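The chain contents come next:
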Amino acid sequence: KITICKVDGRFNPVPGTEKTFHVDTLLIAVGLSPIDELYKKAKEYKMKVYDAGDAQEIAEASAAMFSGRIQGRQIAMALGKQCIIPKEWNEITSVLRSKPGGKKSMSVRRLTGKVYPVIRCVQEIPCDPCTTICPKHAIKIEGGVIMKTPSFLSDVCLGCAKCVLACPGLAIILVDESYDSKHKRALLTMPVELKDGTIGVGDEVVTTGLEGGKVGTGKVIAFRNAVSQDHRRIMLLEVPFKDRLLVAGFRVCEEVKIEGGEVVQDGDIIICRCERVSKKEIVKLIRAGYRDMNQIKAALRTGMGACNGKTCTELILRLFREEGVDLKDVKLPLNRPPEMEVPLGVLAGMKRR
C-alpha cells in the first residue's frame, strides 16, 4: 500500500491530509538530471564534443529532437560541410524548453446538432500537433505562440478525429450531437491506450469528468485502429446528451476505497533508492561536518546504484540546503567512466557468448 498527503510550500507533509491506497505496483518518476557525464568528462580531457537532447537539458521531447538538429549541423560544419543554421532555431529551442505556464479556464465552441472537438488543454505548454494535423486548420493557438493553449475556432469540423489521435495528452474528444436526438444520446470519439480485452464493444463504463469525478455511464459502441498509432485507438462511446460536454474519461476498475493513513517519519524517507539510504543517515553525516559528497558516498554508498546518482544527488544537495549549508562549500561527487553498468566479464577480457 502507499500513503499520500498534501504538502505545504516547503514540501513538508500536512498532518490530517493522509490517504492510503492498496496497490500492487508503484511507478516512480521524480526528478531528472541531464545525462551529461560523458560530455563533461570529454570536455575535461579537452576533446571536441557536442551535446544535445537530455545530455544538454531535460525538457519536452520535441526540444530534445530540435536541439539534435542544431548540433547535427554544427558537427557537419566542423567537418567542413556547408550548412546553414537558421537564426530562429535557437529561439524555437528556447521556447520548447520553457517550463509550463499558467492554467486557463476551458471554453467550448459548440456546433449545435453537429460534430465538434472539445479541447481540454488548460495549461500553457509548448505543444501544437492538433493545430498542424487538422485538415481544415480549424484549431489555432492564440497569437500563434506555441506556449498558448489551442482553441477550436471554426464552424466546420469534418469529424476525422485526427486531432484526437495526435494530442499527446489525450485531451481532445469529438462530440457528435446528431448521433441520436430521438433518445437524447450523443456519441463521443475519444482516445484510449488500453490493453486489448480490457473493455469490449457493448460494455458499460463509468464516465468521469476533468477532475476524475463520476459523471454517469456510457456504452462502448466501437473501436477504430489507426495506422499511424501502435498503442492508441479510437473508442466510440454513447452517453446521455446532457453529459456530452462533461465527460473527459472513463473508469475501467472499481472505485478504490480510501483509508486514513499515517505519514512515514521524515527521517525514514529514502533518499538513495538504489542503495536504500535514508534521510536521517545522510543528515547525520552532514551535521557531523561532511561537506564532500564523495565522503558520503564512501560511507553510505549513495550514488553507487544503477541510476549512477541521477536520483539522489539533487536530493542530497537539498538536504545540505535544509541544514543551512552553503552549496559553495559542498564538493560534488566525481564522475568516473564507465558511466553505465558493465558486466564483470567485459572488464576481465572474457569473450561473451
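Residues numbered from 1 in each chain as written. Predicted model: local features only at pLDDT ≥ 70, side-chain atom pairs only at ≥ 80, totals over all residues. Heavy atoms only, no water.

> Mind showing me how you'd approach the overall build of the chain here?
The helix and strand inventory of the chain stands at nine helices and 13 strands. What you see for the chain is a C-alpha radius of gyration of 26 Å, clearly larger than the 20 Å of a compact globule of 353 residues, by over 25%. Projected onto its principal axes, the C-alpha coordinates of the chain cover approximately 75 × 65 × 50 Å. Looking at the chain residue by residue over its 353 residues, the buried ones come to 31%. Partitioning the intrachain contacts of the chain with sequence separation of at least 6 by distance along the chain shows that 55% fall at a separation of at least 24. On the chain, roughly 22,900 Å² of surface is accessible, and the fraction owed to carbon and sulfur atoms is 53%. Charge-centre separation for the chain: the mean point of 56 positive side chains lies 3 Å from the mean point of 43 negative side chains. (Helix = DSSP H or I, 4+ residues; strand = E, 2+ residues; numbered from the N terminus. Rg over C-alpha atoms; globule rule 2.2 N^0.38 Å. Buried < 20%, exposed > 50% of the residue type's maximum accessible area, 1.4 Å probe, protein only. Contact = heavy atoms within 4.5 Å. Areas by Shrake-Rupley, 256 points an atom, 1.4 Å probe, with all protein chains shown as cover. Lys, Arg positive; Asp, Glu negative; His and termini not counted. Charge placed at Lys NZ, Arg CZ, Asp CG, Glu CD.)

> Help me understand the nonpolar core, please; the structure alone is not making it clear to me.
Generally speaking, soluble globular proteins have nonpolar side chains that are buried together. Judged by nonpolar contacts, the single largest core of 35 residues is most densely connected at Met235 and Leu237. Secondary structure elements with two or more residues in this core: strand 3 (115-119), helix 5 (162-166), strand 6 (172-180), strand 7 (185-192) and strand 10 (233-240). Apart from the residues within four sequence positions on either side, leucine 237 is in contact with Ala186, Leu187, Leu188, Met190, Val205, Thr207, Gly218, Lys219 and Val220. Counting residues in hydrophobic clusters, the runner-up holds 17 residues, among them Val277, Ile282, Val283 and Leu300. (Core = buried A, V, L, I, M, F, W, Y, C linked by side-chain atoms within 4.5 Å.)

> Can you walk me through unusual backbone geometry in this structure?
Residues apart from glycine generally show negative phi values, whereas peptide bonds are mostly found in trans. Of note, the phi angle at alanine 161 is positive, near 70°, even though the residue is not glycine. Tracing the backbone shows alanine 161 in the loop between strand 5 (150-152) and helix 5. Despite not being glycine, arginine 301 shows a phi value in the positive range, around 75°. You can see arginine 301 is positioned in the loop between helix 7 (293-300) and helix 8 (312-322). Residue arginine 301 is classed as partly exposed on the basis of its relative accessible area of 40%.

> What should I look at first to understand helix 3 (residues 88-96) in this one?
Side chains that are three or four residues apart share a direction in an α-helix, a result of its 3.6 residues per turn. Among all positions in helix 3, only Trp89, Thr93 and Leu96 are buried. On an axial view of helix 3, the arc spanned by its buried residues comes to 65°, and they lie on one face. The elements touched by buried residues of helix 3 are helix 2 (61-78). (Arc of directions from axis to C-beta.)

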